Amino acid sequence: NPQFVRDMAAAFPGGIVVAVDARDGMVATKGWADISTTPVEDLARRFEDAGVAALLFTDVGRDGLLKGCNVQATVDLARAVDIPVIASGGVAGIGDIHMLAIHAQDGIEGVITGRALYDGRLDLAAALSVASPTGSLVGAPIGVAFADEAPRALTFQGAIELALGHSPEVAMAR
């Protein structure tokens, strides 16, 4: 519902991220079960003037499989729109973080990883260092929505602490 997204982006400036899920360049919907005939770039362009903070792009064919992030598709999307893109899906290790960081000037603003971090293939401190050697991403505001709460803005650091239940420094010491 594009109008709902516009309304929320107006109500929470800089706090709304639009998830764009795709398989083979086409938008995936309904829990990734349905693949549309809409190219991911076309859907993303619909939000260029909506005031959203970023697009969260997930290649659903790679998510959770540790096959490596689809860097080319992510960069292609970032170059096609005027909205920062956060990569997601398939991060296998520090090499994926490095490749995405190289394309920061193309509009890649961040990356989400899950399984690689959970199973120890990716070190959080190393990933943060590679993703943001200047530390600029760590204080950047990001939007986080909760089912039982109103959306609220968190910094990257705050989101990590929320996910871990404590600061990253505590996690690295464990």
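## Considering the pattern of salt bridges
So, step 1. Under the criterion given, the structure shown has 4 salt bridges.
So, step 2. With a closest N to O distance of 2.9 Å, Asp119 and Arg121 form a salt bridge.
So, step 3. Judged by relative accessible area, which is 52%, Arg121 ranks as exposed.

## Let's talk about the pairing of strand 6 (residues 108-112)
So, step 1. Where strand 5 (residues 85-88) lies against strand 6, 4 bridges are found, and the strand directions are parallel. Across the sheet, Ser88 pairs through a bridge with Ile112, a residue of strand 6.
So, step 2. For the crossover from strand 5 across helix 4 (residues 94-102) to strand 6, the handedness is right-handed.

## Some thoughts on helix 3 (residues 71-80)
So, step 1. Turning to helix 3, its buried residues are Val71, Thr74, Val75, Leu77 and Ala78. All buried residues of helix 3 lie within an arc of 160° about the axis, which places them on one face of the element. In helix 3, the exposed residues that point more than 90 degrees away from the buried face are Gln72 and Arg79.
So, step 2. Each element contacted by the buried residues of helix 3 is listed here: helix 2 (40-45), strand 4 (54-59), strand 5, helix 4 and strand 6.

## Some remarks on helix 4
So, step 1. Within the sequence span of helix 4, burial applies to Asp96, Ile97 and Leu100. Across the axial projection of helix 4, the buried residues extend over an arc of 100°, all falling on one side.
So, step 2. In this structure, the buried side of helix 4 is in contact with helix 3, strand 5, strand 6 and helix 6 (124-131).

## So, the nonpolar core
So, step 1. Among the nonpolar cores identified, the biggest contains 31 residues, and Val18, Phe47, Val52, Leu55, Leu77, Val81 and Val85 are the most heavily contacted of them.
So, step 2. Listed by contribution, the elements that provide at least two residues to this core are helix 1 (2-11), strand 1 (17-23), helix 2, strand 4, helix 3, strand 5 and helix 4.
So, step 3. The element that contributes the greatest number of residues to this core is helix 3, accounting for 4 residues.
So, step 4. Leave out the neighbours within four places in its chain, and Val85 touches Leu55, Phe57, Thr74, Leu77, Ala78, Gly107, Ile108, Glu109 and Gly110.

## Digging into the confidence of the model for the chain
So, step 1. In this model, the chain carries a mean pLDDT of 75, and residues with pLDDT of at least 70 account for 70%.
So, step 2. Element-level pLDDT for the chain is lowest in helix 8 (residues 168-173), with a mean of 36, against a maximum mean of 94 in helix 3.

## Some remarks on the pairing of strand 1
So, step 1. Note that strand 1 and strand 4 share 6 bridges and pair parallel. Among the inter-strand pairings, Ala22 is bridged to a residue of strand 4, identified as Asp59.
So, step 2. Here 2 bridges tie strand 1 to strand 2 (residues 26-29), and the two strands are oriented antiparallel to one another. Counted as the bridge partner of Ala22 is Val27 from strand 2.
So, step 3. Connecting strand 1 to the antiparallel partner strand 2 that follows it, the hairpin turn spans 2 residues, and Asp24 within it adopts a positive phi of roughly 55°.

## Observations regarding the side chain of Asn70
So, step 1. Residue position: Asn70 is located in the loop between strand 4 and helix 3.
So, step 2. Its relative accessible area of 17% is what places Asn70 among the buried residues.
So, step 3. A distance of 2.7 Å separates a polar atom in the side chain of Asn70 from a polar atom in the side chain of Asp59.

## With respect to the environment of Phe12
So, step 1. Within the fold, Phe12 resides in the loop between helix 1 and strand 1.
So, step 2. For Phe12, a relative accessible area of 29% corresponds to the partly exposed category.
So, step 3. Through-space distance from the C-alpha of Phe12 to that of Ala53 is 9.7 Å; in sequence the pair is 41 residues apart.

How each quantity is defined
Residues numbered from 1 in each chain as written. Predicted model: local features only at pLDDT ≥ 70, side-chain atom pairs only at ≥ 80, totals over all residues. Heavy atoms only, no water. Salt bridge = Lys/Arg side-chain N within 4 Å of Asp/Glu carboxyl O. Buried < 20%, exposed > 50% of the residue type's maximum accessible area, 1.4 Å probe, protein only. Pairing = 2+ DSSP bridges. Helix = DSSP H or I, 4+ residues; strand = E, 2+ residues; numbered from the N terminus. Right-handed = clockwise from strand over helix to strand, strands pointing away. Arc of directions from axis to C-beta. Contact = heavy atoms within 4.5 Å. Core = buried A, V, L, I, M, F, W, Y, C linked by side-chain atoms within 4.5 Å. pLDDT = per-residue confidence, 0-100. Polar contact = N/O pair within 3.5 Å; in protein donor to acceptor, adjacent residues only side chain to side chain.

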